[in-house]
Amino acid sequence: MIPTLRTERLVLRAPDADDFAAYAAFFADGEASHFYGGPLREDQAWRVLALDLGHWRLRGYGRWAIARRDTGEVIGGCGLWWPEGWPRSELTWWLLPSARGTGYATEASRAAIAFGYDSLGWDLVQTHMDDANRGARRLTERLGGTVIARERFPDGKERDVFALPRS
Ligand SMILES: CC(C)(COP(=O)(O)OP(=O)(O)OC[C@H]1O[C@@H](n2cnc3c(N)ncnc32)[C@H](O)[C@@H]1OP(=O)(O)O)[C@@H](O)C(=O)NCCC(=O)NCCS
């Protein structure tokens, strides 16, 4: 059962088949999805949607689809993520370019962080990102994230690891 979270402007809900168009649009845009391995073909984007759903089933948490409360439009994804073989969990997000610069990612993140601490009972909600991902870093700093480690990940890249406070 994937819970639904509501914030002032957003609904974070289970991804479903109708969200495929938003996934396909995000991953077709190589610049927008660069740090998620984009550009991806439509069939590859569909697999990401399937992975997002499967992660919830396998872990009990995962990435929600983010929809605007006023229009119902899906504008991105956000959630807690920890695939097998990766050393740390992470808060993760993506927004369609048209939805950036609005505070939506910040708003969705606060709900996801609270879910991690309050509903999952985690001691630490954390994230990490590529050094070149300035948008993700700025968002993390806006959320009050502080660097707690710098380490090498299984893909060979070194990244800062941030603790995220409960706001
Ligand atoms: C990471 C990502 C989600 C951040 O998106 P974002 O639009 O910068 O974040 P927000 O939606 O919180 O918007 C914040 C911006 O909106 C502005 N803003 C406008 N209205 C606002 C409001 N009501 N509340 C808060 N901020 C608001 C803020 O000032 C801020 O602008 P700034 O970055 O110029 O300081 C986005 O860059 C993205 O999708 N990247 C691609 C995917 C990716 O790389 N993910 C991370 C992998 S590790």
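Residues numbered from 1 in each chain as written. Predicted model: local features only at pLDDT ≥ 70, side-chain atom pairs only at ≥ 80, totals over all residues. Heavy atoms only, no water.

Comments concerning the layout of surface pockets
Here is step 1: What the largest pocket holds in volume is close to 1,200 Å³.
Here is step 2: Forming the boundary of the largest pocket are 43 residues, of which Phe-35, Tyr-36, Trp-93, Asn-133 and Ala-136 lie nearest the centre.
Here is step 3: Of all the elements in the fold, those that place two or more residues in the lining of the largest pocket are helix 1 (20–28), helix 2 (42–59), strand 5 (90–95), helix 3 (104–119), strand 6 (125–129) and helix 4 (134–142).
Here is step 4: Tallied by class, the residues present in the lining of the largest pocket amount to 21 nonpolar, eleven polar and eleven charged. (1 Å grid on protein atoms, 1.4 Å probe; cavity = no way out; pocket = protein on both sides within 12 Å on 5 of 7 lines; lining within 4 Å. Points joined across faces, edges and corners; volume = space filled by probe spheres on them. Helix = DSSP H or I, 4+ residues; strand = E, 2+ residues; numbered from the N terminus. Nonpolar A, V, L, I, M, F, W, Y, C, P; charged D, E, K, R; others polar.)

A word on the sheet that holds strand 8 (residues 158–164)
Here is step 1: The antiparallel open sheet is built from three strands, whose spatial order is 6-8-7. Edge strands, defined here as strands with exactly one partner in the open sheet, are strand 6 and strand 7 (146–152). Averaged over all pairs of adjacent strands, the angle between strand axes in this sheet comes to 30°, irrespective of strand direction.
Here is step 2: Pairing geometry for strand 7 and strand 8, over six bridges, is antiparallel. Residue pairing across strands places Thr-146 opposite Ala-163, the latter belonging to strand 8. (Pairing = 2+ DSSP bridges. Axes fitted to C-alpha atoms, helices over the stretch in contact; angles between N-to-C directions.)

Remarks on helix 4
Here is step 1: Restricting attention to buried positions, one finds in helix 4 the residues Ala-136, Leu-139 and Thr-140. The arc that holds the buried residues of helix 4, viewed along the axis, is 100°, so those residues lie on one side. Residues of helix 4 that are exposed and point over 90 degrees away from its buried face: Arg-134 and Arg-138.
Here is step 2: Phi for Gly-144, located one or two positions after helix 4, is positive at around 85°. (Buried < 20%, exposed > 50% of the residue type's maximum accessible area, 1.4 Å probe, protein only. Arc of directions from axis to C-beta.)

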